[in-house]
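Descriptive analysis of the structure
Single-letter residue listing:
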Amino acid sequence: MKKCLTLLAATVLAGMTFASFAAQPYTSPATGQLHASGTVSATGATNLSDLEDKLAEKAKEQGAKGFVVNSAGGKNQMYGTATIYK
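Residues numbered from 1 in each chain as written. Predicted model: local features only at pLDDT ≥ 70, side-chain atom pairs only at ≥ 80, totals over all residues. Heavy atoms only, no water.

Taking an unreviewed UniProt entry as the reference, the chain is identified by name as DUF1471 family periplasmic protein McbA belonging to Citrobacter meridianamericanus. Turning to the chain, the UniProt annotation filed under Subcellular location (unreviewed entry) states: "Periplasm". (UniProt positions renumbered as here; feature names shortened; annotations may be inferred.)

1. Digging into the overall build of the chain
Scanning the chain from terminus to terminus reveals two helices and four strands. Across the chain, helices and strands are ordered from the amino to the carboxyl terminus as α-β-β-α-β-β. When the 86 residues of the chain are sorted by exposure, 23% land in the buried category. Summarising the internal contacts of the chain: among those between residues at least 6 apart in sequence, 58% fall at separations of at least 24. Summing over all exposed atoms, the chain offers an accessible surface of approximately 6000 Å²; the carbon and sulfur share of this is 60%. (Helix = DSSP H or I, 4+ residues; strand = E, 2+ residues; numbered from the N terminus. Buried < 20%, exposed > 50% of the residue type's maximum accessible area, 1.4 Å probe, protein only. Contact = heavy atoms within 4.5 Å. Areas by Shrake-Rupley, 256 points an atom, 1.4 Å probe, with all protein chains shown as cover.)

2. A short note on helix H2 (residues 48-61)
Quick reminder: α-helices carry 3.6 residues per turn. Residues three or four places apart thus point the same way. Between its terminal C-alpha atoms H2 stretches 20 Å, which fits the 20 Å expected from 14 residues at 1.5 Å a residue. Of the residues making up H2, those classed as buried are Leu51, Leu55, Ala56 and Ala59. Down the axis of H2, the buried set is contained in an arc of 140°. They therefore lie on one face. Buried residues along H2 sit against strand S2 (36-45), strand S3 (66-73) and strand S4 (78-85). Following H2 by one or two positions, glycine 63 has its phi on the positive side, about 85°. (Expected span 1.5 Å × (residues − 1). Arc of directions from axis to C-beta.)

3. Here's the deal with the pairing of S4
For a regular strand, side chains alternate in direction, first toward one face of the sheet and then toward the other. Where burial is concerned, most of S4 is hidden: six out of the eight residues are buried. Examined bridge by bridge, S2 and S4 share eight bridges and lie antiparallel to one another. From the neighbouring strand, alanine 42 faces S4, where its bridge partner is glycine 80. Between the end of S3 and the start of S4, which pair antiparallel, lie four residues, with glycine 74 showing a positive phi angle near 120°. (Pairing = 2+ DSSP bridges.)

4. Things to note about the side chain of threonine 83
Relative to the helices and strands, threonine 83 resides in strand S4. Engagement of the side chain of threonine 83 in a polar contact is seen with the side chain of asparagine 70, the distance being 2.8 Å. (Polar contact = N/O pair within 3.5 Å; in protein donor to acceptor, adjacent residues only side chain to side chain.)

5. Notes on the confidence of the model for the chain
Averaged over all residues, the pLDDT of the chain equals 76, while 65% of them reach at least 70. This stretch, residues 1-20, has a pLDDT under 50; its non-local contacts, to residues over four places away or in other chains, come to two contacts. (pLDDT = per-residue confidence, 0-100.)

6. Looking at the nonpolar core
The biggest cluster of nonpolar side chains holds 13 residues, and the ones touching the most others in it are Val40, Leu51, Leu55, Ala59, Phe67, Ala82 and Ile84. Of all the elements in the fold, those that place two or more residues in this core are S2, H2 and S4. It is H2 that contributes the most residues to this core, four residues altogether. Setting aside chain neighbours within four positions, we find isoleucine 84 in contact with His35, Ala36, Ser37, Gly38, Thr39, Val40, Ala59, Gln62, Ala64, Gly66 and Phe67. (Core = buried A, V, L, I, M, F, W, Y, C linked by side-chain atoms within 4.5 Å.)

Structure representation (structure tokens):
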């Protein structure tokens, strides 16, 4: 039981650490001192939350601290673009 609890605690802490390194969605006024450094796009999402996750992953790959979604659309397959900020 103690090993199981330790494993659960380690998993939760690892998940919290990963989340802190992911690019964060911003609203335009919240970008403040950050500078736009490009755009990313994503396709194939099944809903808006999935699309935002895909854009966040691509922003993270580009080294961005955050992003602002510029466009989103689609019916069965969502697509969208976002400006990334460093």
